Amino acid sequence: LPQPIVVLDSYFETLNLDCVVINNEQGAYLATRHLIEKGHRKIGHLASSTRINNFSERESGFLRAISETPGCQASTIAVASTQSGAYHDMTAYLDENPSLPTALFADNDIIAVSCIRALKEHGYSIPEDLSIIGFDDMPLSYVTSPKLTTVHVPKEQFGQRAVMRLMEKISSRSDLSMKIAINTTLKIRNSVLDLSQDVQKDA
C-alpha cells in the first residue's frame, strides 16, 4: 500500500514494515527469574499448543532463565490457548496423576487462570502446592483467587509509541523501517510461594 503503515504486536522478518512489539522474551525471562529467586528449581511451562511468534519468544525467555541456573529443571505442559480448551487439556493431564513441578509459567493469563481452575478441582492449593505466573496482566488476573502474579504489558504506551512512529513516517516519508520492542514489568501478586529459605537450608 502507498500509505505509511505501522504494525502492532507482530513482526515480519521478510517485509520492510515498521513494527511495535512486546518484548516477549524479556517478559518471560523476568517471570521465570522471579520463580527461581523464590527458590523454585522444578519449573513447568504451560505452553499454548497454538504456536505464534509471541509464544515462541516467551518460550525462549523461559528457557534462557532456566539455562542460567544450575540445578534448575524445566518441563512443558501443552494446552490450548482458549479458556475452555486450556481447562479441559489441564484436566485431562491431571487425571493421569503426573509428577508436577513446584511452579508454572503460563504463556498468557487466560491459560494460567484456566489451569488454576483445573488444579483447584483436583485438590491443589495455589500457591501452597503450586505457584503460577501468567503473562499480559489482563483484568481477570486480579479478580481471580489468588490474584495472579503476571507480566504487565504497558498497553497505553504501546499504542502511543505506534502512533508516534506513524506520525514520523507521515512527516518524513522515509523508507527506513524500525522494529520497536516495548519492555514489560512484573506485577507481583499472590500466586507465587517463596521457597527461597528452604533452598538455602538445603544448600
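**Comments concerning the packing of helix α1 (residues 24–37) against helix α2 (residues 53–67)**
Between α1 and α2, whose axes approach to 7 Å, the crossing angle comes to 40 degrees. Two packed elements cross with a definite hand, and for α1 against α2 that hand is right-handed. Of α2, the residues touching α1 (which contributes N24, E25, A28, Y29, T32, R33 and I36) are N54, E57, R58, S60, G61, F62, R64, A65 and I66. When its residues are assigned to classes, the contact of α1 with α2 shows six nonpolar, five polar and five charged.

**Here we look at the pairing of strand β7 (residues 149–152)**
Two strands pair when backbone bridges link them, and strand β6 (residues 131–136) and β7 are joined in this way by four bridges, in the parallel orientation. Of the residues in β7, the one forming a bridge with G134 is T150.

**Things to note about the pairing of strand β2 (residues 18–22)**
In terms of burial, β2 is largely enclosed, as five of its five residues are buried. With burial as the criterion, each face of β2 is covered, one bearing D18, V20 and I22 and the other bearing C19 and V21. As paired elements, β2 and strand β8 (residues 179–182) share four bridges and run parallel to each other. Looking across to β8, one finds that V21 is bridged to A181.

**Some remarks on helix α3 (residues 83–95)**
When the terminal C-alpha atoms of α3 are compared, their 18 Å separation across 13 residues agrees well with the 18 Å that a helix rising 1.5 Å per residue should span. Residues of α3 that are buried include every one of G85, A86, Y87, M90, T91 and L94, and no others. Where the residues of α3 are buried, they touch β3 (42–48), β4 (73–79), β5 (103–106) and α4 (109–121). Backbone geometry just downstream of α3 places N97 in the positive-phi region, at approximately 50 degrees.

**What about the sheet that holds β6?**
Ordered in space as β4-β3-β5-β6-β7-β9, the six strands form an open sheet in which the pairing is mixed. Both edges of this open sheet fall to β4 and β9 (185–187), since each of them pairs with a single strand only. Here the strands of the sheet are splayed against their neighbours by 25 degrees on average, with no regard to which way each runs. One ladder, built from three bridges, connects β5 with β6; its direction is parallel. The residue bridging L104 from the neighbouring strand is I132, located in β6. Along the sheet, α1 makes contact with β3, β5, β6, β7 and β9, crossing β6 at roughly 165 degrees.

Procedures and definitions
Residue numbering note: each chain is counted from 1, following its sequence as written. Given that this is a predicted model, residues contribute local features only at a pLDDT of at least 70 and side-chain atom pairs are listed and counted only at 80 or more, while totals for whole chains, interfaces and linings are drawn from all residues. As a convention, hydrogens and water are excluded, and side-chain values are obtained from all of the structure's heavy atoms. To obtain each axis, a line is fitted to C-alpha atoms, and for helices this fit is confined to the stretch in contact; angles are then taken between N-to-C directions over 0 to 180 degrees. Secondary structure is summarised from DSSP: a helix means a run of H or I of at least four residues, a strand means a run of E of at least two, and numbering begins at the N terminus for each. Note: crossing handedness is left-handed where the near helix turns anticlockwise from the far helix by less than a right angle, and right-handed where it turns clockwise. Contact definition: two residues touch when any of their heavy atoms are within 4.5 Å. Residue polarity is assigned by list, with Asp, Glu, Lys and Arg as charged and Ala, Val, Leu, Ile, Met, Phe, Trp, Tyr, Cys and Pro as nonpolar; anything else, Gly included, falls into the polar class. If DSSP finds at least two bridges between two strands, the strands pair. A simple rule labels every residue: compare its accessible area, found with a 1.4 Å probe on the protein chains alone, to the largest value its type can have, and call it buried under 20%, exposed over 50%, or partly exposed in between. By this rule, a helix spans an expected 1.5 Å times one less than how many residues it contains.

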